[in-house]
Structure formats: structure tokens, C-alpha cells
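Coordinate inspection notes
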Amino acid sequence: MTRIGGTWQNWARSATVRPVRVERPRSPEGVQRAVLAAVKHGLTVKAVGAGHSFTGIAVAPGVLLELDDMQGLVSADAATRRVTLLAGTRLHRIPRLLAPYGLAMENLGDIDRQSISGAISTGTHGTGAGFGGLATQVVGVTMITAAGEFLRIDEQQNSELLPAAALGLGALGILVEVTLQCVPAFVMHAIDEPMPLDEVLDDIEGHVAASDHFEFYWFPHTDVALTKRQTRLPESAVRKPLPAVGKWIDETLLSNGVYRVVCAAGQIVPAVTPPFSRLAVKLTGDREYTDLSNRVLTQSRTVRFREMEYAIPAENVVAAFRAVRKLIDQRNWRIEFPVEVRFAAEDDRWLSTAHGRASAYIAVHRYWRADPTEYFEAVELIMREHGGRPHWGKLHTQTAETLRERYPRFDDFLAVRDRLDPERRFGNRYLKRVLGA
């Protein structure tokens, strides 16, 4: 997230706003004062995290709250394995905060730049058929309501609201604290290996079941799947991390440095994209290592892009993926970014993309200077045909009318919103589109 003068921009440069006022509260009480002041002046108010959502979900035309000064551990209990964090805490800082207690987050997404409140509120997830998204790790939150009151939601207090508030899109209140159910710290054995794409698709269930965490990337214009298989091990397991030089070559030089140049060149000469994609699958994605869980699950991505991702029933993933592959071939598009496929367990969060069903995720990307509209809209039609639900923080065109069909508890969520924010003090244009007025 950046601000240029009085203008706020998200990381992908796909959302921009000039708020009436920007505030940087340093405490939950500071957030409370900011909300009360906004309401008094008839303004909307929203918190922003790291600006890593591609949609306008965090756009704040009224009062924008930057929670960068609200980071850190509020409390930790090694016995119950529960920790409470200030809402602005960045995900990449959490492992160090948990280490003294021998704890770790159960699962992570592949990027750790987001704030904990932004990540859970937009439905951030990782991969692993036995694990839910980050919001499933939430056992309690404290928020400031539109009335300017502190509201604690956990198993003892207002427990009926937890399935809504743990993944609330920023529509119910301003989160100031998040309580997570953690697990004992662990390491992971990882194998990154290229495989024939058709071989992976023909036995996708077997690949998913064989590892704690499985995903694959496919560069269009190739017939190779770059697979990532990860097995969870006790913290006492021997670590064999990637050599520093080899990791730098793979992740900094090739995956980010050279890749950025090729993406830019592809905008001028699209013909360079297919040969580079074929070269990329030969140079990357073949390594084995064992390291701390957060170092295996997350990766650095510095090449700016825009993304759309849909969750579909897990049993539909092969048909949907093959349709995307056929689409790219038929349109003769030169797509410079890989298609990413991940998996997650079903959960009970009302607006979770995996609510009530084991899910597979198909994500498509374009370099940020390329117009993604034609590609994304065509893929979106395929995802909708296969029962897709769009990631709340990634680009899509769905509305409240179409989304209601996908979420059994959609109207229950709206009822909670009506109760906590009847005047839509936490609303914006995006929330009006996806939740209705």
C-alpha cells in the first residue's frame, strides 16, 4: 500500500482513492475515537492493511485508518496455544512473535505481507486439503462497532457472531484485536518438482491426498506442471534449508528479477512469452529442502501483477482447469503469468469461499501493465459454470444477486450487518456491489 500526497493506492495499482482524512491510531481506543469522530461528521470509515487486495474492498473515501502502528502481541497462552494480536500485525512478523512460546500458525498463504486483520477479512488461504483458510484459525475478535463500542466475539461472548466476524469483509466493524488458535511449531519437508501436466491432472486426487499440502503452477504454452509437495514434521526434525546462493538465484534473480524484465518485454513483443515460459519450467521448480513452516509456505513476490481467483468444488477442478487451458489455446493469447491451483478443506465461516464444501482454487494473473479484462472475464465464465465463488480480495465482476446463490448463509450475514452497521458507516462502493445496499 502506498500514498502519493493525498492519494491512497493498493499494491497492484488497481484501486485508488483520495480520502477526506487519514488517521493512524496507535491503540484500540484510538480506533474508537476515530470511528466516533467519523460518525459525528457523517463520514464513512475503513481500515486498510497492507493494500494487498486487488479489489476495492479496502477503499476508504471518507476516513482511512492506517493500522501500521497497531502491531504486536497482546497476549499468549502456551497451554491453550492461543494468542491475541493487534489487528495491524503483519503476517511475516508473527512467526517471530510466536517462537518464544513454541507455537506457529496452522497454515499460511503464499504471501505474508498482509496484516492479520486484512488477511482473515478477505478470505486469504493457503493450500492443503486438510486445512482451512486463515479465518478458520480465528477463535475470537474484538471490533469497534458503528456505535463506537467495543464488541468482543469469542466462544464465551457473542459466539453466534463468530462465523460472520472471522471473515467479515470489513463490513461489520473495525477489527482491533484477533485471537488465533495456534499449533506447536513445526517444520516442513518440501519437494518442488516439474511433472507432465496431464499426469498430474489424471491423478489429481492421488496427488492431493499424498501430501499435507499440494499445489501446482502451470505456465501457459507449456505441458508441464510445477508441483509443490509439503509434509509436516515435528519441530525437532533435522532442517536442511535451501542454500542461500541457490535460493537467491531461484527466488530473487530468476523468479523476480529476470521475470520482471520478461513480463515488461512481453507487453511490447508478445512473441517472447511462450519461449520464456518453456525456459522457466526448465530452470525453476526442481528442489528439495526442509525448513521452518513459515519459510516453506510463503515466498517473496516482487513482480507486480493483478489476480483473479475462484474457489470451486474440489471435484470440479480438472474439468475447470482443462477448460481454461483450452480457452487460452483457442484465443491464442500470450499469457505471461502461470495459473495456480490450490486446495482447502471445507469450513463453517459464512462468507468463506470454502464454506460447506472441500474446495479447489484456480487463480489467474496478468502483469500489472497488461489489461486483464478479456482474459479474466472469459475465465470467470468458466468458473461460474463450475460453481465458483470469487476470492473477496481478488478481481471479479460478481454482485450481491449472483453471490447470494453461492452462499447458504449470505442473508444471515446481511442480518448481522444490518444489526451492527445499519447506516453503512463501514461501507464503500465494492461492498455495495457484493453485499447490496
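The numbers attached to residues start from 1 for each chain and follow its sequence in the written order. Residue-level local features of this predicted model are given only where pLDDT is at least 70; pairs of side-chain atoms are given and counted only at 80 or more, and the full residue set underlies all totals for whole chains, interfaces and linings. Excluded from the side-chain calculation are hydrogens and water; included are all heavy atoms of the structure.

Observations regarding the overall build of the protein chain
- The secondary structure content of the protein chain amounts to 14 helices and 21 strands.
- Throughout, radius of gyration means the C-alpha value; the globule benchmark is 2.2 Å times the number of residues raised to the power 0.38. Taking 437 residues into account, the globule formula puts the C-alpha radius of gyration at 22 Å, and the protein chain, at 21 Å, falls close to it.
- Across its three principal directions, the C-alpha atoms of the protein chain cover 60 × 50 × 40 Å.
- The contact rule is simple, with two residues in contact once any of their heavy atoms fall within 4.5 Å. For the protein chain, restricting intrachain contacts to residue pairs at least 6 apart in sequence, the fraction spanning at least 24 positions comes to 73%.
- The Shrake-Rupley method, run with a 1.4 Å probe, gives the accessible areas here. Residue values count only the displayed protein chains as cover. Surface summary for the protein chain: the accessible area is close to 17600 Å², and the carbon and sulfur share equals 51%.
- Positive and negative side-chain charges of the protein chain, numbering 53 and 51 respectively, have mean locations separated by a distance of 7 Å. Only DSSP runs of H or I with at least four residues qualify as helices, and only runs of E with at least two residues qualify as strands; both kinds are numbered from the N terminus onward. Neither His nor the chain termini are counted; the positive set is Lys and Arg, and the negative set is Asp and Glu. A charged residue contributes its charge at one atom only: NZ of Lys, CZ of Arg, CG of Asp or CD of Glu.

Quick word on the packing of helix α10 (residues 317-331) against helix α11 (residues 373-385)
- Their axes nearest at 10 Å, the elements α10 and α11 cross at an angle of 145°. When the axes of α10 and α11 are compared, the crossing they make is right-handed. Residues Ala-320, Ala-323, Val-324, Leu-327, Ile-328 and Arg-331 of α10 form the contact with α11, whose own contacting residues are Glu-374, Tyr-375, Ala-378, Val-379, Ile-382 and Met-383.
- Taken together, the residues of the contact of α10 with α11 break down into 10 nonpolar, no polar and two charged. All axes here are fitted lines through C-alpha atoms, helices being fitted over the stretch that makes contact, and every angle between N-to-C directions spans 0 to 180 degrees. Handedness of a crossing follows from how the near helix is turned relative to the far one, being left-handed for an anticlockwise turn of less than a right angle and right-handed for a clockwise one. Three categories are distinguished: nonpolar for Ala, Val, Leu, Ile, Met, Phe, Trp, Tyr, Cys and Pro, charged for Asp, Glu, Lys and Arg, and polar for the others, with Gly belonging to the last.

Concerning the packing of aromatic side chains
- Centre distance within 6.5 Å is the pairing criterion for rings of Phe, Tyr and Trp, where only the six-membered ring of Trp is used; planes under 30 degrees apart are then read as stacked, over 60 as edge-to-face, and the remainder as tilted. Overall, the coordinates contain 11 aromatic pairs when judged by the stated rule.
- Ring geometry for Phe-214 against Phe-216: centres 6.5 Å apart, planes inclined by 50°, an arrangement best described as tilted.
- Considering the side-chain rings of Trp-218 and Phe-321, the 5.5 Å spacing of their centres and the 70° angle between planes classify their relative orientation as edge-to-face. Taken together, the residues span a long stretch of sequence, with Trp-218 in strand β15 (residues 213-218) and Phe-321 in helix α10 at a distance of 103 residues. Phe-321 matches Trp-218 in its accessibility class, with the two residues each being buried.
- Through a chain of ring-to-ring contacts, the aromatic side chains of Phe-214, Phe-216, Trp-218, Phe-321 and Phe-343 assemble into a single cluster.
- Here, a charge over a ring is recorded when the distance from Lys NZ or Arg CZ to the ring centre is within 6 Å and its angle to the ring normal is within 35 degrees. When the ring centre of Phe-186 is taken as origin, the NZ or CZ atom of Arg-232, which lies over that ring, is 4.0 Å away.
- The ring of Trp-368 carries Arg-304 above its face, with NZ or CZ at 5.8 Å from the centroid. Between buried and exposed lies partly exposed: a residue is buried under 20% and exposed over 50% of the maximum accessible area for its type, with that area taken using a 1.4 Å probe on protein chains only.

Details of the sheet that holds strand β7 (residues 73-77)
- By the convention used here, strands pair only if DSSP detects at least 2 bridges between them. The strand order across the open sheet built from five strands is β7-β8-β12-β10-β11, with neighbouring strands paired in antiparallel fashion. Since the sheet does not close on itself, it has two edges, and those belong to β7 and β11 (150-154), each with one partner. For this sheet the average axis-to-axis angle between neighbouring strands, irrespective of direction, equals 10°.
- Here strand β8 (residues 82-86) pairs with strand β12 (residues 174-181) via five bridges, running antiparallel. Pairing of Val-83 across the sheet is with Leu-180, part of β12.
- Each of β8, β10 (138-144), β11 and β12 touches helix α1 (residues 28-40); the most contacted strand, β12, lies at about 145° to it.

Some details on the pattern of salt bridges
- By salt bridge we mean one thing: a side-chain nitrogen of Lys or Arg within 4 Å of a carboxyl oxygen of Asp or Glu. A complete count under the given rule lists 27 salt bridges for this structure.
- Between Arg-152 and Asp-154 there is a salt bridge; the shortest N-O distance is 3.1 Å.
- In this structure, the salt-bridge partner of Arg-295 is Asp-291, at a minimum N-O distance of 3.6 Å.
- Take Arg-295: its relative accessible area is 47%, and that puts it in the partly exposed class.
- Given the relative accessible area of 8%, Asp-291 is considered buried.
- Taken together, the salt bridges that share partners define one network made up of Asp-110, Glu-307, Glu-309, Glu-340, Arg-342 and Lys-394.

What about the layout of surface pockets?
- The method works on a 1 Å grid over the protein atoms by themselves. A cavity is a set of points holding a 1.4 Å probe that cannot get out, a pocket is an open set with protein on both sides within 12 Å along at least five of seven lines, and residues with an atom within 4 Å of a point line them. Grid points are joined across faces, edges and corners, and a volume is the space filled by probe spheres set on the points. Considered as a void within the structure, the second largest pocket measures approximately 630 Å³ in volume.
- In this structure, the second largest pocket is lined by 29 residues; those nearest its centre are His-92, Pro-95, Asp-112, Asn-294 and Arg-295.
- Per-element tally for the lining of the second largest pocket: the top contributor is helix α2 (residues 94-98), with four residues.
- Class assignment of the residues belonging to the lining of the second largest pocket gives a composition of 12 nonpolar, eight polar and nine charged.

Regarding empty space enclosed by the protein
- For the coordinates displayed, the defined rule picks out three cavities of 30 Å³ or more.
- The computed volume of the largest cavity comes to approximately 630 Å³.
- Lining the largest cavity are 43 residues, and of these Ser-53, Ser-117, Gly-118, Ala-119 and Thr-122 lie nearest its centre.
- Considering each element in turn, the lining of the largest cavity owes the most residues, five residues, to helix α3 (residues 116-122).
- Roughly 80 Å³ of volume is contained in the second largest cavity.
- Taken together, 15 residues line the second largest cavity, and the ones lying closest to its centre are Gly-123, Gly-133, Leu-167, Asp-347 and Ser-352.

Describing α11
- If you check α11, its first and last C-alpha atoms are 18 Å apart, about what 13 residues at 1.5 Å a residue would give, namely 18 Å.
- For α11, the complete set of buried residues consists of Tyr-375, Phe-376, Ala-378, Val-379, Glu-380, Ile-382 and Met-383.
- Check the buried side of α11 and you find it contacts β18 (305-313), α10, β19 (339-344) and β20 (359-367).
- Residue Gly-387 follows α11 closely and has a positive phi angle near 80°. In a helix, the anticipated span is given by 1.5 Å times the number of residues less one.

Take it as geometry only, folks, not as evidence of what the structure does.
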